[in-house]
Each structure stands twice: as C-alpha cells, then as structure tokens.
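This is what each chain is made of:
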Amino acid sequence: MNNKAQLHTLEGLGAAVLMTLTILTISQSTMIVTPQNELAVDVHLEQMSNDALTVMDIAPHSSAQYNLTECIAGWDMTEATYPSSPTSDLDELDEGLSYLLPNILYNVDLAYFENDNLNVKKVIIKGSPADNAVVVRHFVTLTNETVSDMGGAWNLAEDELKVVEVRLTAWKV
Amino acid sequence: MIDEKGQIAVDFLLGISLFLIALTFTVQFIPGMFISGSAEESSLDYTAYRTATVLVEDTGWWGNSTSSGTNWEDHPNNIMRIGLAVDDDTSSKLTNSPNLISKNKTEQLMLVNESVLIEKLGIYNNVDGTLFSYGYNISITQNDEPLLLNNTTAVWGESAPDNKDIAKITRVVLIEKGKIASFEGYDLTSQTASKATINITGPFEDNITIQISDLNCSYTDSAFLNATLDGTLLNRTSNYTVHKMDGWTASKYSGNLSNSDILRLNFDHDLFNASTEHRLDLRFRNVTLPTPGPPFARFNDHSSTHYEPTYMTVEVWQ
C-alpha cells in the first residue's frame, strides 16, 4: 500500500473540507464590505450632475436669481484659464453648481455652432477630471433678448436662436 | 485476468466520486463565487434608482371607473401611481417640471399606508409569485437635516442597517416652501423716508418670504433696522428672520447693506391669520425708496411659489 503513494480517503476528504472553509472565510469577509459596485457609483454621480443642471434650468425666478439659460446668456465669451480665472465670467453658474453638488468637482464646457463650425469653449475649470468622471449635457436656447438683458457678449441677430450645449464633466474627489 | 479487461478500478471509482461530491459541495455552499456580478445586489440598485426616479420625475396617477388624474393626493383611496413632481395640468400624464416637488403630494405621502407605499413604489422582490418587501429609507434633507413639513420630518421607512448591502441614490430636487414675493428697490412703496410699506392679505398655510434686491443704499451705513406689522414691532427671531442671499446660499443678516445685496425676510404665517389686509412696515437706515405711496405695493400681487433646493435620498436593502 505504502509503495503506491496513494491519497488516503479520509485525508482527501479532510483537505477538501479545509479548502472549502478557507475559500468561504475569505469570500465572506471581503465581498460583503464592498458597499456598492462601480456601475452604481457612476450612475449615482451622473444622476446628481444631471439633476443639478435640471434644477438650475427649471428654478423659478423668485427662488433663484438666474436660471441656467440666463447664466449662459450673460457670458462674456472669454474662456476660462486655469488656475488664474477658473470660472471666467460665469460666477452665478459656478455658485449654483457648487451649492448643489457638494464634494464633487466639475468642469463646464459650452458647445455651439458658429459659421458652421462647432466651437467647444471651456468656461469653468476646477482641475483635470479623475478616471471615474462622468459627462452630462443640457441644452439651452439663447435669443437676442435674453443676451442683452443679461449683458452677455453673444452676437445674435434680432430673430436668431442659438442652441448651446452645456457640458458638465463631474467627478468625486 | 481482470486487469487485462481495462475495467474501472474500485479505488478510482471511489476517488472520482469523492472529488465530485467535494466539488458539488463547494459550488452549492458558495454560490457567489461562480456567478459573476451577483444578481441580488444589482436588482437592489435598480430598485433604488427606479424608486427615486418615479418619485422625482413622475406626478403620480389616480383613477376609478369614472375619472382619473394626476392629483392623487386628493384621492388617497384610488391611488394608482405615487409621484411627487408638481403638475399644472392634472388630466395629462406628463409633467413639464421634473425635479420640482409638490408640498401637498409630499404631505399626502406621509399619510399613505406603508403597504400601499411599498406596493405602489415597487420596493419588493418577486420570487416565484411571492412578494418579499425590501427594507427602505426615503428622506428629504436640507442642510443635512430632515425637512420638516407640518411638524413631521420627511422620512419614510426605517434607518439603514450597518451590516447589509445598501443601494443608495441621491437626487437634487426643488421643494415648495410657501410663497415668496420679489421686490426690487424701486418697486417698494414708502410714505416716510427709509420706510418701505407692503400690504399683505392673509391667511397663509406656510411661512411667507419677501425678497428685496437692488436697493438704493446711498450711504456706507445703510442698513435694515426692523419690521412693524399693523403698528406692532415684530421680534426678529420668533416672528421673522432676515438673511442675505448669495446665489442659493443664505447667511444671517447683520451689519450694513450695499446696492448689490439681496435681503430675504421670512415671516411666520401665524402673523397673518385674519383674512384682512395687514400693513407691514420695513424700516431701513439711509436707503432711498423712490416710489411714494399710498397705494402701497401688495405682497399678494407679487407672490409666487417659493422653491428651495433639497436632496432626496432613497436607500434600499434586502
């Protein structure tokens, strides 16, 4: 029997039980700790960022000083530079977003067509986005009237409508 | 003789059976190891996401055999869907105002039976036709504290346990907070210098807010001094509060005023119980009010619904 170097039946059973218990202990102690999976965290961040833009957009005049369209209409067309002028001319937009998105950093770009060219301008820069950043978009429509009311520098004709994409890149710190 | 026939040895048979038994036991015992991305957890995520979306973006719906509409808060016995979004057209199932939360609907949701709430919001798991309700916590918070509506906190469900997987979704919403009237400096009427007079007709269900911007503060020591209602001096803490606004951020007002400041005065609704016209005098120091009165500006002509940003959090667990 000894010459054949076989595994004894009871030893095999014992080894199997030991291996199973080890794997069980490890899996029980680590897997439960993960609070939420990656996807859910991304969805959460995207949802909050989207809500912030929606809330800025629909806030009635009496409750918020300026809504999203008015903030954008008042832009003086100068891009943000980091770190000297991170919010360019859009302080109201920045104040609103930073109040609604605590502990979240964000950049804002504006995208619009001018003479058949798509312009993408950086208007709020808070840093370079982390790996888990999400992008949400909201469209606003500007008219000559809203622009002149807000003292912006958009050069629009009397009957011109300008659709601007507000692109918010948000990430957790 | 037997060896030459190539039959399975009893030793081998025993070994392979033991191995299979051990393998089966392992698979049975630790199911999570062999299923990638456990289905249980993600269904919790979907439930939390769905519940939050339905509450924030839907107006809800009620119906019986004869009629239906989105004003389910008026028909609590015929609720078909629960949603909190404000709606101006109760016959249309759509709303133009997602993320705007109706106060009446929120207050009615506090009165809804828990089993109805779980069923209508779908906070349960359906296993072979048997319903297991999830644990849940839904709360509306402002400045990290639960919102108070009619002296009840806007919290549903139980507090989340520490030792379980919890799916959580937070939504940014605007909630109705009574009435607000916005005045600019030249809208305010005055009979005597530096004293603005506003007529207010009660009663109100909620506290009312007066917002004043673009005041002409001609001196460095311009300031807001006090408020008088029908000749009685009001108490700054118990009757009303004064805040300076900077975007959404409110800070307690003290010191001097400048032209760019926005003042927000919040008055206790109990002051205006009688349904008569009240006269509110706001006394300033060194502020020029160009429009003479009477007639005085009326709160009720300028007022609209006041919304404030809050967070709605939905947590769901097994």
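Before reading further, recall that the structure is shown in the block above.
Now for a look at the structure at hand.

Conventions and cut-offs
Residues numbered from 1 in each chain as written. Chains lettered and ligands numbered in written order. Predicted model: local features only at pLDDT ≥ 70, side-chain atom pairs only at ≥ 80, totals over all residues. Heavy atoms only, no water. Pairing = 2+ DSSP bridges. Helix = DSSP H or I, 4+ residues; strand = E, 2+ residues; numbered from the N terminus. 1 Å grid on protein atoms, 1.4 Å probe; cavity = no way out; pocket = protein on both sides within 12 Å on 5 of 7 lines; lining within 4 Å. Points joined across faces, edges and corners; volume = space filled by probe spheres on them. Nonpolar A, V, L, I, M, F, W, Y, C, P; charged D, E, K, R; others polar. Domains from an automatic or database assignment. Contact = heavy atoms within 4.5 Å. Buried area = accessible area lost by both parts, 1.4 Å probe. Salt bridge = Lys/Arg side-chain N within 4 Å of Asp/Glu carboxyl O. Axes fitted to C-alpha atoms, helices over the stretch in contact; angles between N-to-C directions. Parallel < 35°, antiparallel > 145°, perpendicular 65-115°, else oblique. Left-handed = near helix turned anticlockwise from the far one by under 90°. Phe/Tyr/Trp six-rings, centres within 6.5 Å; stacked < 30°, edge-to-face > 60°. Buried < 20%, exposed > 50% of the residue type's maximum accessible area, 1.4 Å probe, protein only. Polar contact = N/O pair within 3.5 Å; in protein donor to acceptor, adjacent residues only side chain to side chain.

### Focus: the pairing of strand S20 (residues 249-252) of chain B
Moving on, step 1. Examined bridge by bridge, strand S19 (residues 240-246) of chain B and S20 of chain B share four bridges and lie antiparallel to one another. What sits directly across from Met245 of chain B, in S20 of chain B, is Ala250 of chain B.

### Structural notes on the layout of surface pockets
All names here are of chain B.
Moving on, step 1. For the largest pocket, the calculated volume is near 1100 Å³.
Moving on, step 2. As for the largest pocket, its lining consists of 40 residues, of which Gln142, Lys177, Asn207, Asn266 and Glu308 are closest to the centre.
Moving on, step 3. Looking at the lining of the largest pocket, the elements that each hand over two or more residues are helix H4 (103-111), strand S8 (145-146), strand S9 (148-149), strand S12 (166-184), S19, S20, strand S21 (262-267) and strand S26 (303-317).
Moving on, step 4. For the lining of the largest pocket, the residue count by class is 12 nonpolar, 18 polar and 10 charged.
Moving on, step 5. Residue assignment places the lining of the largest pocket across two domains, with domain 1 (39-176 + 310-317) and domain 2 (189-288) each supplying three or more.

### Structural notes on the interface of chain B and chain A
Moving on, step 1. Contact residues are listed per partner, giving 42 residues for chain B and 36 residues for chain A.
Moving on, step 2. The junction of chain B with chain A conceals about 3300 Å² of combined surface from both sides, 61% of it contributed by carbon and sulfur atoms.
Moving on, step 3. Summed over the three residues of chain B that lose the most area to chain A, namely Val172, Trp248 and Tyr311 of chain B, the buried surface amounts to 19% of that side.
Moving on, step 4. At the junction of chain B and chain A, the tally comes to one salt bridge.
Moving on, step 5. Note that Arg171 of chain B is salt-bridged to Asp51 of chain A, the shortest N-O span being 2.6 Å.
Moving on, step 6. Where the side of chain B that touches chain A is concerned, the elements lending two or more residues are helix H1 (10-29), helix H2 (31-34), helix H3 (39-57), S12, S21 and S26 of chain B.
Moving on, step 7. Taken together, the residues that form the side of chain B that touches chain A break down as 22 nonpolar, 12 polar and eight charged.

### Some points on the packing of helix H2 (residues 38-58) of chain A against helix H4 (residues 91-100) of chain A
All names here are of chain A.
Moving on, step 1. In the contact formed by H2 and H4, the axes pass within 10 Å of each other and the chain directions differ by 135°. The pairing of H2 with H4 is recorded here as oblique in orientation. The handedness of the crossing between H2 and H4 comes out as right-handed. In this structure, H2 contributes Met48, Ala52, Leu53, Val55 and Met56 to the contact, and H4 contributes Glu92, Leu93, Gly96, Leu97 and Leu100.
Moving on, step 2. Here the residues of the contact of H2 with H4 sort into eight nonpolar, one polar and one charged.

### Some thoughts on the packing of aromatic side chains
All names here are of chain B.
Moving on, step 1. Considering all chains together, one arrives at nine aromatic pairs over all chains under this definition.
Moving on, step 2. Their ring planes at 80° and their centres at 5.6 Å tell us that Phe204 and Phe299 sit as a pair that is edge-to-face. Of this pair, Phe204 sits in the loop between strand S14 (195-201) and strand S15 (208-213) while Phe299 sits in helix H6 (residues 299-302), placing them 95 residues apart in sequence. Across this residue pair, the class does not change: Phe204 and Phe299 are buried.
Moving on, step 3. Here the aromatic residues Phe204, Phe224, Tyr240, Tyr253, Phe267, Phe272, Phe284 and Phe299 are joined through ring pairs into a cluster of three or more.

### Quick notes on H4 of chain B
Moving on, step 1. Of all the residues in H4 of chain B, the buried ones are Lys103, Lys105, Thr106, Glu107, Gln108 and Leu109 of chain B.
Moving on, step 2. Where H4 of chain B begins, one side-chain oxygen reaches toward the backbone nitrogen of Asn104 of chain B, 3.3 Å away; that side chain belongs to Ser102 of chain B.

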